[in-house]
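So you can see what is in the structure, the chains are spelled out below.
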Amino acid sequence: MLKLRHISKSFPGVRALDDVSLEFRAGEIHGLIGENGAGKSTAIKIITGIYQPDRGEIVLEGEPVRFADFRDSQRRGIGIVHQELQVIPDASVAENIMIDKLVTRGAGRVDWDVTFRVAREHMARVGLDAPPDRLVRGLSAAQKQLIQIAKALSAKAKLLLLDEPTSSLTEHEARRLFALLRELRDQGTAIGFVSHKLDEVLALCDRISVLRDGKFVGSRENLSARDPAASGSNPIRPAELVSMMLGRECNDDHLGQLSPDWNTEVLRVENVVRLGKVEGVSLVLHRGEILGCYGLVGSGRTELARILIGEDRMDSGRITIRGEPVTIRSVGESLYRHRMGYVSENRKEEGLLLEDPVRTNLAVAVWPRIRRAIARCINADRERAVAADQVNALQIRTPGIEQRVRHLSGGNQQKVSIGKWLAADCDILIIDEPTVGVDVGAKQQIHELIWNLAARQGKSILLISSDLPELVRLVNRLLVFRQRRIVGEVRDIDTKKKSYAEVSREIAPLFE
Amino acid sequence: MTMPATVIQERVGFGQRDWVSGRTLGLILFAGILMIAMSLASPNFLTQETFFSQSRYVAFYLMVAMSQAVCLAVGDLNLTVGAVGSIATVALGLLMGAEQAGLSPWVAVPLVFLIGPLTGWLHGMIITRLKIDAFIVTLSMMFVYMGLRSGISGGNAYTIPQSFWWLGQGSIGGWLPYMLLIALAVLGLTSHMYRNTVLGRRLLATGSNAEAARLSGIDTNRMVVVAHVLSGCFSVMAAIMWASWGGNAAPETGDNWLIISFAVAIIGGTGLKGSLISPLGIFMGAIIFKLIQHSLVILKINDNYSNTVLGALILLAILVDRAREHFDGGRRGS
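Residues numbered from 1 in each chain as written. Chains lettered and ligands numbered in written order. Predicted model: local features only at pLDDT ≥ 70, side-chain atom pairs only at ≥ 80, totals over all residues. Heavy atoms only, no water.

Q: Would you mind going over a nonpolar patch on the surface with me for this structure?
A: Residue and element names in this part refer to chain B. A cluster of nonpolar side chains, Leu103, Trp106, Val107, Leu111, Leu114, Leu118 and Trp166, forms an exposed patch at the surface whose accessible area comes to about 720 Å². With five residues, the top contributor of residues to the nonpolar patch is helix α5 (residues 105-129). Mapped onto the elements, Leu118 comes out in helix α5. (Patch = residues over 30% accessible without salt bridge, like charges linked within 9 Å, V, L, I, M, F, W, Y side chains within 5 Å. Areas by Shrake-Rupley, 256 points an atom, 1.4 Å probe, with all protein chains shown as cover. Salt bridge = Lys/Arg side-chain N within 4 Å of Asp/Glu carboxyl O. Helix = DSSP H or I, 4+ residues; strand = E, 2+ residues; numbered from the N terminus.)

Written out as structure tokens, the structure reads:
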């Protein structure tokens, strides 16, 4: 149906796609998997004409084509269902489906009868059970998704691309979506399914291709998608896919051996539940330990972190900090009472005051402590000293403490968001995906920084990461999160000098 | 988040090194030029007398604009600036008016003052607890208050007893109006707050990036409430000053405050997206605003056109900021 041949695409400083070839066949569901930044969304944007490839060609039904823009690709039978549900909330279901092809009669008046009838046909095809004149606003995420699929099909899409379609669906809704996709496949539609959830890709896709760092790693047939009984003779192994996804050239070096104080528990989490987010998670963090939390997005790691810092409530469970049972109701409490800090994975949105100077960002959590006793105002000299200390200690590269954080590099911004908690004297740190979007050199520095905090300063760190090599380099133990639970633990990573390959072999069965 | 790309220390409030930002210096310069031009055009403009009598307007505009600016600084806005002022005016008339309750100013004024923090608290709570946009909340409340004041007053003005005229009309040594003194005190206190206190800094951090501020342990909801409480206080202060100065409490007081509050705050360099506020800049904005009004008189432009000028001024101020940002590029300092 559609082939990508040797497609390359670069953006300033990044090679997003490097000689990638993919084929989407009629009557086949083709899964595209890879980590964040592997090139999945760039590939989709090229197929849908949003980006033009630098090199390579797109072949549509045997003919090389060039999509001028998004509309052009749609006209030629490419349909896409986005991750963010792109519907018009205040229009009816029928209008949403028919928005670009409203039937008119004379003088541009919309023929609502015909429009609704056609819409109803498409709704029936995707099994969307809602009145066509209902406003979309009140529909569920799954229904909105069906609208998008119906819309794509009504445009006679021969290739239907779905980008992370299940991220806003419940499991039940996802299963129904899969049934529909199988049906469409059997009717001869080519389907491209982009996801980083291995489980669902294995359950659904007939062929699975892996992208990593913008390169095509490999493609495997998945017989069990059509016939679960075939799994014995299936040429595909989940473990193999995991290592294809992760197996970038990584050096197995451990930064060194941590010496946690195994007798001092600083944080104990017991059976923490938040419905639909975290289902019975328990863990213990020791003084001077880096405890890895490995898993995919939505597996419950960040969700647990948000509970620990008081951003979200837990439905049940127990949290003990330095031996005392605690209830944490706000970030202020976790910070000022328990000296626990959270370095957010979205540093720009949640971690930093981008328009403000480095000084402010580093000192924001210590203002109450550096207040002059009588005048009650912030001691400016101490504020500057606090900031300068962190700039030196973390080797933050900035022209000065008055520099706006916006102008720092990703790596240095990350140091600032870690430094904020160090300045506030936190000795429990929850660090979430610290090296997403930073370059290789900065990554190394941040790794050293995190490691030193635990090894030299006795900080206790809960390190959340989807980057397995990163965890292997830094941690002693790691917990594997899957589907909102902890499903396994890998111990003695640094003491027994386990290599990345060994650790990933240990983890792979957990994803079977 | 789009904000001028330059670091303007005094305006950001986070800075402590420069007392006056480049932008505010620009305003001072501009005000100077206007004054010189106007005294050339009209020889009796620059007398000590005009200067100090006009300074009452400046004080009044500062209050009105601060009422808006404190909300803008946390990333909100407040459309009730004038409506709260008008409610306060009517309350003042009811409590103090000779034919009304006839209370002593020392009782009535503090009571009326309470209207500011109470309404502000209410707005803040509705915005943060019920999670309704500040625009909608203050828009609706504006009409609630406007209806109340018309209903209660029936459109009639109350007289303010002479015993309370001193605040608006009095002065020290016959030339330094009390109103200007109050304005200077407000200028000093708010500058200090935003520059040096934990509360002020937290207000600015909330305006800068509420999400990040909350995850840094700042109770951002409380900051929004505080901003609206402060806003209410400035509104009633403006109302009390105005009534005392005019010697009566007219219900239509406040009708034109909203546009003034935006115009002066924006000319004064308050960021529309939060986190940027300069009380000194706003003070200069108030002076410039008064000078421009005065120049309309000199140019014999009909007073009925003043709103047109105001609206255009707001856009002009924003465009000038854009241009500054553009020419400064990403360069620091100013």
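Q: What am I meant to see in the pattern of salt bridges here?
A: Pairs may arise between side chains of opposite charge once their charged atoms sit close together. For the structure on display, the rule yields 40 salt bridges over all chains. The salt bridge partner of A:Arg25 is A:Glu23, with a shortest N-O separation of 3.7 Å. With a relative accessible area of 27%, A:Glu23 lands in the partly exposed category. As a salt-bridge pair, B:Arg214 and B:Glu211 come within 3.4 Å of each other at their nearest N and O atoms. Of the two residues, B:Arg214 and B:Glu211 both sit in helix α10 (residues 210-215), three residues apart, roughly one turn of that helix. Overlapping salt bridges bring together A:Glu23, A:Arg25, A:Glu28, A:Arg207 and A:Glu221 as one network. (Buried < 20%, exposed > 50% of the residue type's maximum accessible area, 1.4 Å probe, protein only.)

Q: Got a minute to help me understand the domain arrangement of chain A in this structure?
A: A common measure of how large an interface is: the accessible area buried when the components associate. We note that the domain assignment places domain 1 (1-77 + 158-248), domain 2 (87-157), domain 3 (252-339 + 427-512) and domain 4 (348-426) within chain A. Here domain 2 of chain A and domain 4 of chain A have C-alpha centroids that lie 52 Å from each other. (Domains from an automatic or database assignment.)

Q: Sorry, what's going on with the side chain of A:Asn96 here?
A: All names here are of chain A. On the secondary structure map, Asn96 appears in helix α3 (residues 93-98). At 3.5 Å, the side chain of Asn96 forms a polar contact with the backbone oxygen of Ala91. In contact with Asn96, other than residues within four places in its own chain, are Val87, Ile88, Ala91, Val136, Ile147 and Lys151. (Polar contact = N/O pair within 3.5 Å; in protein donor to acceptor, adjacent residues only side chain to side chain. Contact = heavy atoms within 4.5 Å.)

Q: Whenever I open this one, the packing of helix α3 (residues 48-73) of chain B against helix α11 (residues 220-246) of chain B confuses me. Can you help?
A: When two helices pack together, their arrangement is given by the angle between the helix axes and the distance between those axes. All names here are of chain B. Following both chains from N to C, one finds α3 and α11 inclined at 160°, their axes separated by 7 Å at the closest point. Judged on the interaxial angle alone, α11 and α3 are roughly antiparallel. Crossing of α3 over α11 shows left-handed handedness. Taking contact as the criterion, the partners of Ser53, Arg56, Tyr57, Ala59, Phe60, Met63, Val64, Met66, Ser67, Val70 and Cys71 in α3 are, on α11, Ala227, His228, Leu230, Ser231, Phe234, Ser235, Met237, Ala238, Met241, Trp242 and Trp245. Looking at side-chain class alone, the contact of α3 with α11 contains 16 nonpolar, five polar and one charged residues. (Axes fitted to C-alpha atoms, helices over the stretch in contact; angles between N-to-C directions. Parallel < 35°, antiparallel > 145°, perpendicular 65-115°, else oblique. Left-handed = near helix turned anticlockwise from the far one by under 90°. Nonpolar A, V, L, I, M, F, W, Y, C, P; charged D, E, K, R; others polar.)

Q: I'm lost on helix α8 (residues 178-196) of chain B in this one. Help?
A: Since the α-helix advances by 3.6 residues per turn, residues separated by three or four positions end up pointing in the same direction. If you check α8(B), its first and last C-alpha atoms are 26 Å apart, about what 19 residues at 1.5 Å a residue would give, namely 27 Å. Among the residues of α8(B), those classed as buried are B:Met179, B:Leu180, B:Ala183, B:Val186, B:Leu187, B:Thr190, B:Met193, B:Tyr194, B:Arg195 and B:Asn196. (Expected span 1.5 Å × (residues − 1).)

Q: So what exactly am I meant to see when it comes to the nonpolar core here?
A: Considering soluble globular proteins, one finds that nonpolar side chains tend to be buried as a cluster. Counting residues in hydrophobic clusters, the biggest one holds 199 residues, and the most contacted among them are A:Ile149, A:Leu181, A:Ile290 and A:Leu478. Ignoring any residue separated from it by four or fewer positions in sequence, one finds A:Ile290 in contact with A:Leu258, A:Ile450, A:Trp451, A:Ala454, A:Ile461, A:Leu463, A:Leu474, A:Val475, A:Asn476 and A:Arg477. Ranked by size, the runner-up nonpolar core spans 29 residues in total, among them A:Val278, A:Cys293, A:Tyr342 and B:Leu215. (Core = buried A, V, L, I, M, F, W, Y, C linked by side-chain atoms within 4.5 Å.)

Q: Just checking my understanding: could you explain empty space enclosed by the protein for this structure?
A: One simple way to see leftover space: roll a probe sized like a water molecule over the atoms. All names here are of chain A. Enumeration according to the criterion identifies three cavities of 30 Å³ or more in this entry. Roughly 70 Å³ of volume is contained in the largest cavity. Lining of the largest cavity is provided by His196, Leu198, Val242, Met245, Leu246, Tyr294, Leu296 and Phe511. Tallying contributions element by element places helix α8 (residues 238-246) first for the lining of the largest cavity, with three residues. The class makeup of the residues in the lining of the largest cavity is seven nonpolar, one polar and no charged. Structurally, the lining of the largest cavity is a two-domain feature, drawing no fewer than three residues from each of domain 1 (1-77 + 158-248) and domain 3 (252-339 + 427-512). (1 Å grid on protein atoms, 1.4 Å probe; cavity = no way out; pocket = protein on both sides within 12 Å on 5 of 7 lines; lining within 4 Å. Points joined across faces, edges and corners; volume = space filled by probe spheres on them.)

Q: Explain the side chain of A:Arg212 here, please?
A: Residue and element names in this part refer to chain A. Its place among the elements puts Arg212 in strand β11 (residues 207-212). Buried and unpaired, Arg212 has no salt bridge, with Asp213 as the nearest side chain of opposite charge at 4.8 Å. In this structure the side chain of Arg212 is engaged in a polar contact, spanning 2.6 Å, whose partner is the backbone oxygen of Met244. (Lys, Arg positive; Asp, Glu negative; His and termini not counted.)

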